[in-house]
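# Inside the fold
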Amino acid sequence: MGSDFYTTQILPYAGIIIKICRAYTNNQEDFEDYYQEVCLQIWRSHERFNHNCAWTTWIYKIAFNVCLTYLKRQTRSPLTFTSDPLPEQVMSDIQFVQDESVRYLYKAIHQLSEIDRALILLYLEQQSNQVIAEILGLTANNIGVRISRIKHRLNKLLHNLET
Amino acid sequence: MRKSIEDIWQSGFIDDMALIAPKVNNLYAMKSQNLVDKFESLFAANQKAVLFAAMVIGSAVAYVGAPFVGAIIAAMLTGLVMVGHGQLKKLSKISKDQSSFEYLNEFDIWLDNAIAQYTQIYRFFYPALFAICTARYAYSDSAIGVLTQLDMVNSNGMPSFTVYAVIGLISLILGVAGARIYRADVTMVYGSEIKKLKALLNEMKALRED
């Protein structure tokens, strides 16, 4: 990868990629693999960027598409998606963020379905329903209702985790 | 009072080391672990292997005295390469910068088409390959010798109808088995991924229709 491209076009938006990759992984090794894969795909696809949307929207699209179709490297069995529900003991290892509340929130997010994770992450990143619809290919009208349901579920999960 | 999830998110990452990007090593040479890319490289590798096999088998069969059969086998394998090339072209058009639904849906459609096309091909490919090779071999001196001992030659000293009936029956079984073996192979290697892909898509479709 051209280091200039990484420094100027990806690194300033690394926060977006990190937050997404963290939501789809449960340990540091996987997280770094996902992060690198997203960067690789951004670099591979960047010539297709045609300014029809914001660069951040474009990064979101690639990041979610990569995370939704990432094949985890495994040594013994065939490659598999890593979308299986995370076991409790693994989720308790999420120590990457210092803020305990965010840690609990990530634990709760990990218990959501993959699509719900994408929806809530985009909502928390203050993206409008229109942009969320554009990134995920959903109908803007349905997003608000779904997000309310996810928030309700997250609050319940958070309550359970904190008590 | 507990903070809202919005407040937790907005304040939680301020001055936090969590948003420091990990070191990217050797990214340029990295092999992709993306499902679509994996299929793309698998198809590309298969094409090269089949093309190589077409040349080697075609030449070898021609060398042992059956150039016509060699040419047919080479042509059949080349046809397989061309089908693979067409699928690969379609697959490489699936772009990762479209919406998640479009991306997953396009890949799902491609996958269904590719599996259906190859199932059809293998339904005829294996039986045809077997029938051509055995029918040709049945006319060789060594085969006629064996068939004579088995009393399976006609009055002209050529393989009898029974020989062709057996070849036909085995070809038929291969036709049914070939398609099933291919499907079982795909299911064994990518079954869980395909299942999860369908589940993801179904959830998105339901969300679009709500």
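These figures come from a predicted structure and were not determined experimentally.

Turning our attention to the overall build of chain B. On a plain count of helices and strands, chain B comes out with 6 helices and 0 strands. Taken from N to C terminus, the helices and strands of chain B fall in the order α-α-α-α-α-α. Taken over C-alpha atoms, the radius of gyration comes to 27 Å for chain B, far larger than the 17 Å a tight globule of 210 residues would show. By its C-alpha atoms, chain B is 100 × 40 × 25 Å across when sized along the principal axes. Taking all 210 residues of chain B together, the buried fraction comes to 40%. Within chain B, contacts between residues at least 6 apart in sequence are counted, and of these 69% link residues at least 24 apart.

Looking only at helices and strands, one finds 9 helices and 2 strands in chain A. When the elements of chain A are put in sequence order from the N terminus, they spell out α-α-α-α-β-β-α-α-α-α-α. Taking all 163 residues of chain A together, the buried fraction comes to 56%. For chain A, the share of sequence-separated contacts (at least 6 apart) that also reach a separation of at least 24 residues comes to 59%. Surface accessibility of chain A: about 7200 Å² in total, with carbon and sulfur atoms responsible for 45%.

This part covers the nonpolar core. The biggest cluster of nonpolar side chains holds 101 residues, and the ones touching the most others in it are Tyr24(A), Ile42(A), Phe64(A), Leu119(A), Leu136(A) and Phe107(B). No other element matches the 12 residues that helix 4 (residues 100-137) of chain B contributes to this core. Counting residues domain by domain, this core receives three or more from each of domain 1 (33-93) and domain 2 (97-210) of chain B. Residues in contact with Ile42(A), not counting those within four places in the same chain, are Phe5(A), Ile10(A), Ile17(A), Trp55(A), Trp58(A), Ile59(A) and Ile62(A).

Attention now goes to the interface of chain B and chain A. Listed by partner, the interface residues are 50 residues for chain B and 70 residues for chain A. Between chain B and chain A the total buried area reaches about 5400 Å² when both faces are included, carbon and sulfur atoms providing 60% of it. Here chain B and chain A share 4 salt bridges between them. A salt bridge links Asp97(B) to Arg48(A), with the nearest nitrogen and oxygen atoms 3.6 Å apart. Summed over the shared surface of chain B and chain A, the number is 26 residue pairs in polar contact (both at pLDDT 80 or more). Elements that contribute at least two residues to the side of chain B that touches chain A include exactly helix 1 (5-12), helix 2 (35-63), helix 4 and helix 6 (161-209) of chain B. The residue inventory of the side of chain B that touches chain A, partitioned by class, reads 24 nonpolar, 11 polar and 15 charged.

What follows deals with the side chain of Thr25(A). All names here are of chain A. By the secondary structure assignment, Thr 25 is in the loop between helix 2 (14-24) and helix 3 (28-45). Of note is the side chain of Thr 25, whose polar atom sits 2.7 Å from the backbone oxygen of Cys 21. Once residues lying within four places of it in the same chain are set aside, the contact partners of Thr 25 are Asp 30, Phe 31, Tyr 34 and His 110.

Attention shifts here to the state of the cysteines. Taken as a whole and assessed by the stated rule, the structure comprises 0 disulfides over all chains. With no disulfide of its own, Cys21(A) has Cys67(A) as its nearest cysteine by sulfur position, at a separation of 4.2 Å.

Glancing now at the packing of helix 3 (residues 67-92) of chain B against helix 4 of chain B. Residue and element names in this part refer to chain B. One can describe the packing of helix 3 onto helix 4 by two numbers: an axis separation of 11 Å at closest approach and a directional angle of 175 degrees. The orientation of helix 3 relative to helix 4 falls into the category roughly antiparallel. Residue classes in the contact of helix 3 with helix 4 are distributed as 19 nonpolar, 4 polar and 2 charged.

Okay, the environment of Ser45(A) next. Residue and element names in this part refer to chain A. Here Ser 45 shows up in helix 3. On the accessibility criterion, Ser 45 (8% relative accessible area) is buried. Sequence separation between Ser 45 and Arg 146 is 101 residues, and the spatial gap between their C-alpha atoms is 31 Å. Residue contacts for Ser 45: discarding those within four places in its chain leaves Trp 58 and Ile 62.

Rules of the game
- Residues numbered from 1 in each chain as written.
- Chains lettered and ligands numbered in written order.
- Predicted model: local features only at pLDDT ≥ 70, side-chain atom pairs only at ≥ 80, totals over all residues.
- Heavy atoms only, no water.
- Helix = DSSP H or I, 4+ residues; strand = E, 2+ residues; numbered from the N terminus.
- Rg over C-alpha atoms; globule rule 2.2 N^0.38 Å.
- Buried < 20%, exposed > 50% of the residue type's maximum accessible area, 1.4 Å probe, protein only.
- Contact = heavy atoms within 4.5 Å.
- Areas by Shrake-Rupley, 256 points an atom, 1.4 Å probe, with all protein chains shown as cover.
- Core = buried A, V, L, I, M, F, W, Y, C linked by side-chain atoms within 4.5 Å.
- Domains from an automatic or database assignment.
- Buried area = accessible area lost by both parts, 1.4 Å probe.
- Salt bridge = Lys/Arg side-chain N within 4 Å of Asp/Glu carboxyl O.
- Polar contact = N/O pair within 3.5 Å; in protein donor to acceptor, adjacent residues only side chain to side chain.
- Nonpolar A, V, L, I, M, F, W, Y, C, P; charged D, E, K, R; others polar.
- Disulfide = S-S within 2.5 Å.
- Axes fitted to C-alpha atoms, helices over the stretch in contact; angles between N-to-C directions.
- Parallel < 35°, antiparallel > 145°, perpendicular 65-115°, else oblique.

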